[in-house]
Number of protein chains: 8
Amino acid sequence: ERTGAAEAVYAAGKTPEQVVGALRALREAQPGRVALATRCDAACESAVRGAFGDAVLVEAGVCAVGDFPPAEVGPLAVVCAGTSDLPVAREAEFVARANGVEVRLVADVGVAGLHRLLDRVDRLREAACVVVVAGMDGALPSVVAGLVSAPVVAVPTSVGYGAAFGGLAPLLTMLNSCSPGVSVVNIDNGFGAAMAAVRILGVKPGL
Amino acid sequence: ERTGAAEAVYAAGKTPEQVVGALRALREAQPGRVALATRCDAACESAVRGAFGDAVLVEAGVCAVGDFPPAEVGPLAVVCAGTSDLPVAREAEFVARANGVEVRLVADVGVAGLHRLLDRVDRLREAACVVVVAGMDGALPSVVAGLVSAPVVAVPTSVGYGAAFGGLAPLLTMLNSCSPGVSVVNIDNGFGAAMAAVRILGVKPGL
Amino acid sequence: ERTGAAEAVYAAGKTPEQVVGALRALREAQPGRVALATRCDAACESAVRGAFGDAVLVEAGVCAVGDFPPAEVGPLAVVCAGTSDLPVAREAEFVARANGVEVRLVADVGVAGLHRLLDRVDRLREAACVVVVAGMDGALPSVVAGLVSAPVVAVPTSVGYGAAFGGLAPLLTMLNSCSPGVSVVNIDNGFGAAMAAVRILGVKPGL
Amino acid sequence: ERTGAAEAVYAAGKTPEQVVGALRALREAQPGRVALATRCDAACESAVRGAFGDAVLVEAGVCAVGDFPPAEVGPLAVVCAGTSDLPVAREAEFVARANGVEVRLVADVGVAGLHRLLDRVDRLREAACVVVVAGMDGALPSVVAGLVSAPVVAVPTSVGYGAAFGGLAPLLTMLNSCSPGVSVVNIDNGFGAAMAAVRILGVKPGL
Amino acid sequence: ERTGAAEAVYAAGKTPEQVVGALRALREAQPGRVALATRCDAACESAVRGAFGDAVLVEAGVCAVGDFPPAEVGPLAVVCAGTSDLPVAREAEFVARANGVEVRLVADVGVAGLHRLLDRVDRLREAACVVVVAGMDGALPSVVAGLVSAPVVAVPTSVGYGAAFGGLAPLLTMLNSCSPGVSVVNIDNGFGAAMAAVRILGVKPGL
Amino acid sequence: ERTGAAEAVYAAGKTPEQVVGALRALREAQPGRVALATRCDAACESAVRGAFGDAVLVEAGVCAVGDFPPAEVGPLAVVCAGTSDLPVAREAEFVARANGVEVRLVADVGVAGLHRLLDRVDRLREAACVVVVAGMDGALPSVVAGLVSAPVVAVPTSVGYGAAFGGLAPLLTMLNSCSPGVSVVNIDNGFGAAMAAVRILGVKPGL
Amino acid sequence: ERTGAAEAVYAAGKTPEQVVGALRALREAQPGRVALATRCDAACESAVRGAFGDAVLVEAGVCAVGDFPPAEVGPLAVVCAGTSDLPVAREAEFVARANGVEVRLVADVGVAGLHRLLDRVDRLREAACVVVVAGMDGALPSVVAGLVSAPVVAVPTSVGYGAAFGGLAPLLTMLNSCSPGVSVVNIDNGFGAAMAAVRILGVKPGL
Amino acid sequence: ERTGAAEAVYAAGKTPEQVVGALRALREAQPGRVALATRCDAACESAVRGAFGDAVLVEAGVCAVGDFPPAEVGPLAVVCAGTSDLPVAREAEFVARANGVEVRLVADVGVAGLHRLLDRVDRLREAACVVVVAGMDGALPSVVAGLVSAPVVAVPTSVGYGAAFGGLAPLLTMLNSCSPGVSVVNIDNGFGAAMAAVRILGVKPGL
Ligand SMILES: Nc1ncnc2c1ncn2[C@@H]1O[C@H](COP(=O)(O)O)[C@@H](O)[C@H]1O
Ligand SMILES: Nc1ncnc2c1ncn2[C@@H]1O[C@H](COP(=O)(O)O)[C@@H](O)[C@H]1O
Ligand SMILES: Nc1ncnc2c1ncn2[C@@H]1O[C@H](COP(=O)(O)O)[C@@H](O)[C@H]1O
Ligand SMILES: Nc1ncnc2c1ncn2[C@@H]1O[C@H](COP(=O)(O)O)[C@@H](O)[C@H]1O
Ligand SMILES: [Mg+2]
Ligand SMILES: [Mg+2]
Ligand SMILES: [Mg+2]
Ligand SMILES: [Mg+2]
Ligand SMILES: [Mg+2]
Ligand SMILES: [Mg+2]
Ligand SMILES: [Mg+2]
Ligand SMILES: [Mg+2]
């Protein structure tokens, strides 16, 4: 068995019954581990609540079944510019929490108003890892990575229109970051960014 | 006749003879106006020098024939991160100068090292118009436009590789700038940015 | 504080409550400045009206809260070919008005019937700045910019089908305009074009 | 056998020997018909001249072997903005001539300077068919098709840079022309436009 | 006034009232000419019927107001493979008829079953012009253009899925046709193909 | 060990020494099996000849080291339109031969001249498997697959220009073939098509 | 008549009546052969059941009319990672069965958990042909093709989001497979993969 | 000052003199830190050697000036399939070493031959962080991330042709990895992957 991290079902395109079945299978195979379903709609969330009762926590379209491990690593900073990118940021936050990570959400910073970001630099520098969520121009990770030396995982979002092309614009921005050492996950993939952070925060780099 | 601005020949894909001929025709039609050829290679530059002698100035692949008008509008700030984007920035600078614009080149700022940019804010705020040249992530115009209230014309460059896709990445970044009021010209189009600035600096907006 | 321009909330993807909250925050921070919400749907518009009563004006999906400053700069010409591009043109017009710009809408010109455009040339030449809105082939800005010497801000729209690719076709047309000095904003971004015009009309270019 | 039109070899990517061989085969199969090779480089042209002597005419990268039929249909107008698009326009002109079409080249018109185009309207209206060649914004066919009622075949060219994407920009412009009845051929395909014109000028539309 | 062809309103994205108003304006300006509205939905069609009564004919989402001119040119063959591409083919057919063109619809041929196409060759060769409508691989125009010498106008459709990318696949196929002289209109643009055919069938190519 | 098929080195981007080394390693690991290097340039071919002497056969940029197995399966038909696509077709042919397949090259058919293809139908129907190589419109596989019931493996080529986009056009055509059961390999991938044919001709489908 | 394989109607975009009519026509033309309609929605399925009663079987959006031939070839393995890709896998399975192929569905393997795949290798190696269905990264066919020597037909699916771009990501992955001899069909094209397998399993490769 | 990591100059598009100058500036500003120049060609490498003598180490197009810090973190595994991706892997390896990271290069594994990869699993599991470099299908990171729980940074390469589209194919593959927690850097960006690893290996995640 590969890793102690939570296992996840991707609920989009599955029926509520399929999601419940998949969660049950994960719980049976590994009772001590949190089982997640991401991208749940209301019907799916309610089926999962019906099936698992008190054992389930729901946030940002993610259903988590099982007791969260105590937070022993972190802090992880999850950074975004504002309301529009919040659902993705909160998916990242919740999935990280379900894996025993302490998370700080920093949600009111954006490159168009640098002073708010600069006011938070000290707080950002306390983080052991930073997830930066941004749509439209996707410029935020480049700026943040210039300010901290921790690992920066960038998440482009599909927020925007026209030449944002469903998140392609911030995705390309982030892949081309002029701040060295930014790595990137799929558009809107808060889950994936959290799992990258979980891997990173589990590192024991001494030789 | 539309405008007093310099007229330009696009030299790429033309023979030196064709460029010289086109410049001659422009000079004859409007002797009092500067005639430009952009994207000249060495052979083209030398043919133009041969044809027009002292009347020609050459910089950044641009040949300018005729006396520059005195600088009466500006200052225009031309901003970029460093050496790689300089050729495009200097094309913009030179074309603006040929149109009677006073230009300040600010070439050592980049979003990965914010402090250098912040050190220049006062200088940037003195500009009547700002041209921002950036490749790779193209994040610089968003940050600059958050710091100044003057018009910001953004120029993506083809500097970069891989997912920069020849300048597509910074182009999309700039079109999706989260700082309101940034407008954008074609990739590597320093000439076009300068001409937009010339139009802007000619504005007399009183009712 | 950067600029005296109106601040805007991007309502798409936000709940009516979030939009009202954001507008309230803007008003509190800067009571003397108009607060805008763009891309509002009916539910959002009605929530904003409910919250701000007479202080709100609504047009083209934009809610504006606060007294408009008197029109002291302009005129800005907002040009488009006809009915299909009107919503974007009117977003530009309304946002510019909310920023104290006098606007003239010229909505019945198109390159397939040049004479209508040529009949308006004198009127266009009176404008201090021109916003040109066009979908499909996006050819209008090239033609207009050949006729006036004022700044031209081009707005591609998503009007069209097939190989218009949601506005990509006119976006590329405009970025490649053979008339020098055209700059471009995002597809359907009437708001952004207006904000660029506000920056431009605030220019004081004397040295 | 399908048509009396000239048959053509596409020389790009073939050796001079292969091109000569293909031309010979065409001549043998149909001695009374002109055989063409398009996209020839210098080596290819000289091999063709060596093989066919006086029977070959060469222009714009096209080698034509055999006597041209007398010009009995037309006139076909081939229109472009200037020097850069000329090679494609001349490929179209030469291929049309090789098929017995009378051609008028109108090479000094462009949408950025409408008056030159408007000065030529009467001449354009005399044409039985119009081929319009344009790069960059590709706006010319929309304007021309608004001025004439003859068939308009549009040819995008790869002239331009950056967001012209090798001719994609004018190709999309032309496919989305707001002037009804414009049809389009491949980028730089002067040959194809001429062959479309040959088909059109051979029409006998009486019932 | 440019041409005697029918004028058309593009109804998509307009209210029924706007469409009725635009048709009324066209009728008033040129009472002797058919006025068309394309891409009408049911509500639009019924508003047009309500406004113009017996003077309106409706087919394939096109409303035509006014008496059709007698069919004096043609025949135009409109060719497609089957049921899926029929709506676009019928848009082309109806628009051509509204312009006085005699049309033959050949709707049961496809390149996967060549014999059905070959059975119709004689009929196709009688046509003065051929419009070929095809989705998916878009291979039909190449094959048809190899069989007839008349002008071939190709219309890609958005029929298909996956790597058809909304009609991009057949569009590219047609632009790259290995049969010389095929020209292409926008995806699903039956209207545009008909208008190109109207231009073509109006040709009087004698010198 | 997976399969008895020849193993191949992809020589592009490798030094001649690296290619020779890789071939030697393959030969040592499996002396009874042919070792191939594809996409060899002249320097690479000569290094391989120098290293392996008589044991090497070279064709279409492929170096084959080792004795070919006797041809016991087939025939495989490799079909293309003409000279331009021949290098890819011959890569397929040679690789198939190196794997013990009997191959027939049918190189003079194209959809613009159907009769030549129809003349070969009987020959094509004798083939146990058909590889169809086509550039530009890529229409040939659809037509061939409508005529035979054997497996059809389609190979798009980068032959063409403009909107062929380096082979994208025929690739999309082939993926959207309206003839059921066509499968596709990468652009210019004659090697891959041959290997697919080798897998297919090794099938023993009895239950 | 080309082949004994089932003929199919593509139901998407057709009315239930059109689908029923097309199936009836297929049955009349070839009463002994199964007639299929793919991509049926509920209304279409119920119309087909209403029209053909007991003669119709329905699965995975496919309606099959007529008696299936006895399974005489195979086994075909249809492989996918899990629930999300199942609809496409079952379309392939059902269409293959309708053509007399014995099918084994292997639906619980994925490259993120290699051991489950490795546990099935023996079963996969028994298959005469393998169809591999995968979305997201599309990595499964490369791994499977490294483990078996049978023909591998890869089907990308539109499962995924963001940079999956509707199936483009796994499509490109599969076209670039580093395992030689993988061939690919359109995104979500379970039908096409099955028809390729039917062609392959009908092969009689002896000389 | 942000971080103790080496600073880098991007040499592509710079003259050797510019690169030497930039390295000198970095060394002067921070004498204790290694200064790097990436993407150096031969002329650039020799100018750097000339300027810095023994203080410079060169590998994989990277010039490193200054003493490397002792390796105190790691091991970092840099994994790729073979010779073609080696230059990128070695850029990553060398840059990591210049930052005090112990690196193990695992260069002979690929998904088409799983057993070689499985033979190395234990070695991979010893790594504190894994960089996976892959071109063509880019499937390797998905497989590796399923086998280890350490952070996985994926680097797509431009190795491949046709539908690899210069590295787009493996880039999309990696962004859509079905193994959770893979993050991605730009195409061919070995430097960026190393810098991400440097950030990761500097993590001190205890609360
Ligand atoms: N939001 C998500 N984005 C990307 N991958 C996900 C997401 N949620 C779950 N997954 C992954 O998708 C796979 C589950 O797929 P499935 O078996 O179809 O539910 C697992 O590898 C998960 O790690
Ligand atoms: N229609 C619009 N298009 C583009 N940007 C907008 C638009 N409306 C508002 N914005 C910008 O979006 C940002 C507000 O984002 P948010 O905080 O998510 O509401 C501000 O920078 C606005 O200037
Ligand atoms: N799901 C499918 N995907 C691709 N092609 C299909 C599909 N179903 C049927 N076809 C093909 O589409 C054609 C039928 O198209 P139509 O005549 O419009 O029903 C036939 O060539 C079928 O083989
Ligand atoms: N190979 C590379 N790929 C991406 N970025 C790089 C590379 N090498 C250096 N850089 C970054 O590029 C910037 C240097 O740009 P410049 O000042 O133009 O040399 C710095 O931010 C470096 O971290
Ligand atoms: Mg942002
Ligand atoms: Mg930059
Ligand atoms: Mg327009
Ligand atoms: Mg032009
Ligand atoms: Mg078709
Ligand atoms: Mg072909
Ligand atoms: Mg998968
Ligand atoms: Mg690989």
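Just above, that's the structure.
This section reports on the structure supplied with the text. (Residues numbered from 1 in each chain as written. Chains lettered and ligands numbered in written order. Predicted model: local features only at pLDDT ≥ 70, side-chain atom pairs only at ≥ 80, totals over all residues. Heavy atoms only, no water.)

To continue, consider the overall build of chain A. Each helix and strand in chain A was counted, giving 8 helices and 9 strands. In summary, chain A has a C-alpha radius of gyration of 17 Å against a globular reference of 17 Å for 207 residues, a match within 12%. For the C-alpha atoms alone, the extent of chain A along its principal axes is close to 50 × 45 × 25 Å. In chain A, once contacts between residues fewer than 6 apart in sequence are set aside, the share between residues at least 24 apart is 68%. Summed over all atoms, the accessible surface of chain A reaches about 6800 Å², with 50% contributed by carbon and sulfur. Measuring between centres, the 16 positive side-chain charges of chain A sit 3 Å from its 20 negative side-chain charges. (Helix = DSSP H or I, 4+ residues; strand = E, 2+ residues; numbered from the N terminus. Rg over C-alpha atoms; globule rule 2.2 N^0.38 Å. Contact = heavy atoms within 4.5 Å. Areas by Shrake-Rupley, 256 points an atom, 1.4 Å probe, with all protein chains shown as cover. Lys, Arg positive; Asp, Glu negative; His and termini not counted. Charge placed at Lys NZ, Arg CZ, Asp CG, Glu CD.)

Across all C-alpha pairs, the smallest distance from chain A to chain E is 15 Å, and the two are not in contact. These two, chain C and chain H, are apart from each other, with no contact and a minimum C-alpha gap of 20 Å.

Our focus in this paragraph is the interface of chain H and chain G. Taken together, the 24 residues of chain H in the interface contact 24 residues of chain G. Between chain H and chain G lies a buried interface of about 1900 Å² when both sides are counted; carbon and sulfur atoms form 71% of it. On the surface where chain H and chain G come into contact, there are 0 salt bridges. For the pair chain H and chain G, the number of links is 11 residue pairs in polar contact (both at pLDDT 80 or more). Of all elements in the fold, only α4 (114-119), α6 (140-145) and α7 (168-175) of chain H reach the threshold of two or more residues within the side of chain H that touches chain G. Looking at the side of chain H that touches chain G element by element, the count peaks at 5 residues for α7(H). Class assignment of the residues belonging to the side of chain H that touches chain G gives a composition of 17 nonpolar, 6 polar and 1 charged. (Buried area = accessible area lost by both parts, 1.4 Å probe. Salt bridge = Lys/Arg side-chain N within 4 Å of Asp/Glu carboxyl O. Polar contact = N/O pair within 3.5 Å; in protein donor to acceptor, adjacent residues only side chain to side chain. Nonpolar A, V, L, I, M, F, W, Y, C, P; charged D, E, K, R; others polar.)

With that settled, consider the packing of helix α3 (residues 86-97) of chain G against helix α8 (residues 190-201) of chain G. All names here are of chain G. Where α3 meets α8, the closest approach of the two axes is 7 Å, and the angle between their N-to-C directions is 40 degrees. Put simply, α3 runs oblique to α8. The two elements α3 and α8 meet at a crossing, and its hand is right-handed. Here V88, E91, A92, V95 and A96 of α3 come into contact with α8, specifically with G190, F191, A194 and M195. Of the residues belonging to the contact of α3 with α8, the class tally is 7 nonpolar, 1 polar and 1 charged. (Axes fitted to C-alpha atoms, helices over the stretch in contact; angles between N-to-C directions. Parallel < 35°, antiparallel > 145°, perpendicular 65-115°, else oblique. Left-handed = near helix turned anticlockwise from the far one by under 90°.)

Around ligand 3 sit 13 residues, and of these E:Y161, F:C178, G:Y10, G:K14 and G:T38 come closest. Per-site note: the chains with residues close to ligand 3 are chains E, F and G. One of the side-chain N or O atoms of E:S84 is found 3.2 Å from an oxygen atom in ligand 3. Here G:Y10 contributes a backbone N or O atom positioned 2.9 Å from an oxygen atom of ligand 3. For ligand 3, the protein covers 81% of the area, taking 500 Å² as the surface of the free molecule. Considered class by class, the residues forming the shell around ligand 3 number 8 nonpolar, 3 polar and 2 charged. (Near = heavy atom within 4 Å.)

Attention now moves to the site of ligand 2. Near ligand 2 there are 13 residues, and of these A:Y161, B:C178, C:Y10, C:K14 and C:T38 occur at the shortest range. Looking at the residues close to ligand 2, they fall on chains A, B and C. Residue A:S84 places a side-chain N or O atom 3.1 Å away from an oxygen atom belonging to ligand 2. Separating a nitrogen atom of ligand 2 from a side-chain N or O atom of C:T38 is a distance of 2.6 Å. Tallying contributions element by element places strand β1 (residues 7-10) of chain C first for the shell around ligand 2, with 3 residues.

Counted by the stated rule, this structure contains 0 disulfides over all chains. No disulfide involves C:C63; its sulfur sits 3.8 Å from the nearest other cysteine sulfur, which is in C:C40. The structure places no disulfide on F:C44, whose sulfur is separated from the nearest cysteine sulfur, that of F:C40, by 3.6 Å. (Disulfide = S-S within 2.5 Å.)

A separate point is the relation of the copies chain H and chain A. Structural alignment of chain H on chain A gives an RMSD of 0.0 Å, achieved by rotating through 180 degrees and translating 0.0 Å along the axis. The relationship between the two copies is best expressed as a two-fold rotation axis. By C-alpha distance to the rotation axis, the residue of chain H lying nearest is H:V184, at 2.5 Å. A shared interface surface links the copies, since 100% of the contact residues of chain H are contact residues in chain A too. (Least-squares fit on C-alpha atoms with pLDDT ≥ 70 in both.)

Within the structure shown, the criterion is met by 16 aromatic pairs over all chains. Above the plane of the ring of D:Y161 lies B:R39, whose end atom (NZ or CZ) is 4.0 Å from the centre. If you follow E:R24 out to its NZ or CZ, it ends over the ring of E:F52, 5.5 Å from the centre. (Phe/Tyr/Trp six-rings, centres within 6.5 Å; stacked < 30°, edge-to-face > 60°. Lys NZ or Arg CZ within 6 Å of the ring centre and 35° of its normal.)

Counting buried residues along helix α7 (residues 168-175) of chain G, 7 of its 8 residues qualify, which places the element largely inside the surrounding structure. Among all positions of α7(G), only G:A169, G:P170, G:L171, G:L172, G:T173, G:M174 and G:L175 are buried. (Buried < 20%, exposed > 50% of the residue type's maximum accessible area, 1.4 Å probe, protein only.)

Right, let's get into the sheet that holds strand β2 (residues 35-38) of chain E. Residue and element names in this part refer to chain E. Here 4 strands make up an open sheet; going across it, the order is β1-β2-β4-β3 and the pairing mixed. Looking at strand neighbours, the two that pair on one side only are β1 (7-10) and β3 (56-59), the edges of this open sheet. Shown here is a sheet whose adjacent strand axes are inclined to one another by a mean of 20 degrees, direction ignored. Bridging between β3 and strand β4 (residues 62-65) involves 4 bridges; their strand directions are antiparallel. Residue pairing for β4: L57 is matched across the bridge by A64. Taken strand by strand, helix α1 (residues 16-29) contacts β1, β2 and β4, and its axis lies near 155 degrees from that of β2. (Pairing = 2+ DSSP bridges.)

This part covers the pairing of strand β1 (residues 7-10) of chain D. Residues and elements named next belong to chain D. Two strands pair when backbone bridges link them, and β1 and strand β2 (residues 35-38) are joined in this way by 4 bridges, in the parallel orientation. By the bridge assignment for β2, A8 is matched with L36. Handedness of the crossover is the feature at issue here: the chain leaves β1, passes through helix α1 (residues 16-29), returns alongside β2, and the resulting connection is right-handed. (Right-handed = clockwise from strand over helix to strand, strands pointing away.)

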